[in-house]
Amino acid sequence: MCERHDSILPETMFSRRTLLKAGAFAAFTPWSFTHSIAAESTAAANAITPADALQRLMAGNARYAANTPNNRDFMADRAARAKSQFPIAAILSCADSRVAPELAFDQNPGDLFVMRVAGNVMSPHLLASLEYGVKFLGTPLVMVLGHINCGAVSAAISVLKDKAELPGHLSGLIEAIKPAVVQAKASQPKNLLNSAITENVRLQVADLKQSSPIIDKYYADKKIDIVGAIYDLETGNIALV
């Protein structure tokens, strides 16, 4: 008959509940578990400086605007991407169908962690997504990407100027854009729409730099950079603001 060693079980075995909790946490935090283990021997593919990440994006946009994008085999590395992701930038972009960050920056699948919403304005859920990208995916760069002729910003101007009423939940979205219109209007620009689009990007960037408890700390510690940019629908060019 085998001897029992009940006295050592608490020190040598985890309870089933503990294992389930650990498994659930590991599934939600791939960077701190899976990726940190791999990082002991090999640096992550996105372990680059924020400046290098930005340079890669802008170089890619130059190729896109010139209609000379890199040739790609989209089947290549598909199996590897199924296991992990190492995006070089997290992008808060407008939901406009004419704006496609992966194309506009000429990047591979897995290179960009993209969040899209009309007017490229921050919300709690979008902030949580950016926090996930920065903290658990190791993304070194955050970009707010607006675009010329943004319909959401134009709607905000109409609401302020003509007291236009919007249906459904659109009014809530416009409320988030109004401060940019008010601030742009104060400078009496020649083109209020373009000025408000730029101001909206700048305000979102400023808010992100102060968004606690994760983004602001990573930015203050210079682990990430946060920038804004505007996409020109006609030329395909992206300019930093």
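Above this text sits the structure in question.
So, here's what we can say about the structure. No experiment lies behind these values; they were computed from the predicted model shown.

Procedures and definitions
Within every chain, residues take consecutive numbers counted from 1 along the sequence as written. Totals for whole chains, interfaces and linings use every residue, but because this is a predicted model, local features are given only for residues with pLDDT of at least 70 and side-chain atom pairs only at 80 or more, for both listing and counting. Side-chain descriptors were evaluated using all non-hydrogen atoms of the structure, hydrogens and water having been removed beforehand. Secondary structure elements are defined from DSSP: runs of H or I of at least 4 residues count as helices, runs of E of at least 2 residues count as strands, and each element is numbered from the N terminus. Here the expected length of a helix is defined as 1.5 Å per residue gap, with one fewer gap than residues. Note on classification: 1.4 Å probe, protein chains only; a residue is buried when its accessible area is under 20% of the maximum for its type, exposed when over 50%, partly exposed between these limits. Between N or O atoms, a polar contact is any pair within 3.5 Å; within protein, one atom must be a potential hydrogen donor and the other a potential acceptor, and residues adjacent in sequence are included only when both atoms are from side chains. Note on method: axes are straight lines fitted to C-alpha atoms, helices fitted across the in-contact stretch only, with angles between N-to-C directions ranging 0 to 180 degrees. When an angle is under 35 degrees it counts as roughly parallel; over 145 it counts as roughly antiparallel; between 65 and 115 it counts as roughly perpendicular; any other value is oblique. Each crossing is labelled by how the near helix is turned from the far one, with a counterclockwise turn of less than a right angle marking it left-handed and a clockwise turn marking it right-handed. By definition, residues are in contact when any of their heavy atoms lie within 4.5 Å. Strands qualify as paired when DSSP identifies two bridges or more between them. One side-chain nitrogen of Lys or Arg within 4 Å of one carboxyl oxygen of Asp or Glu is enough to make a salt bridge.

Moving on: helix α10 (residues 192-209). Taking 1.5 Å of rise per residue, 18 residues should cover 26 Å, and α10 covers 26 Å from first to last C-alpha, within 8% of that figure. Among all positions of α10, only Leu193, Ser195, Ala196, Ile197, Thr198, Glu199, Asn200, Val201, Gln204, Val205 and Leu208 are buried. The N-cap residue of α10 is asparagine 191: its side-chain oxygen and the backbone nitrogen of leucine 193 are 3.2 Å apart.

Below, the discussion takes up the packing of helix α8 (residues 151-162) against α10. Packing of α8 against α10 brings their axes to within 10 Å, and their N-to-C directions diverge by 115°. When the axis of α8 is compared with that of α10, the two are roughly perpendicular. Two packed elements cross with a definite hand, and for α8 against α10 that hand is right-handed. Listed contacts from α10 to Val153, Ser154 and Ile157 of α8 are Leu192, Leu193, Ala196, Ile197 and Asn200.

As a further point, take the sheet that holds strand β3 (residues 141-147). The sheet built from five strands is open, its strands ordered β2-β1-β3-β4-β5 with mixed pairing. Because the sheet does not close on itself, it has two edges, and the strands there are β2 (112-116) and β5 (238-240). Here the average twist between neighbouring strands, direction ignored, is 25°. Two elements, strand β1 (residues 89-93) and β3, share four bridges in a ladder whose sense is parallel. Bridge pairing links serine 93 to leucine 145 in β3. Those strands touched by helix α7 (residues 124-135) are β1, β2 and β3, and its axis lies near 175° from that of β2.

Inspection of the entire model under this criterion finds five salt bridges. Note that aspartate 96 is salt-bridged to arginine 98, the shortest N-O span being 2.8 Å. Aspartate 96 gets classed as buried once you look at its relative accessible area, which sits at 14%. The closest approach of N and O atoms between glutamate 175 and lysine 178, which form a salt bridge, is 2.8 Å. Taken as a pair, glutamate 175 and lysine 178 lie in helix α9 (residues 170-186) at a separation of three residues, close to a single helical turn. Owing to a relative accessible area of 46%, glutamate 175 belongs among the partly exposed residues under this scheme. The structure contains a network of salt bridges with shared partners spanning Arg63, Arg72 and Asp106.

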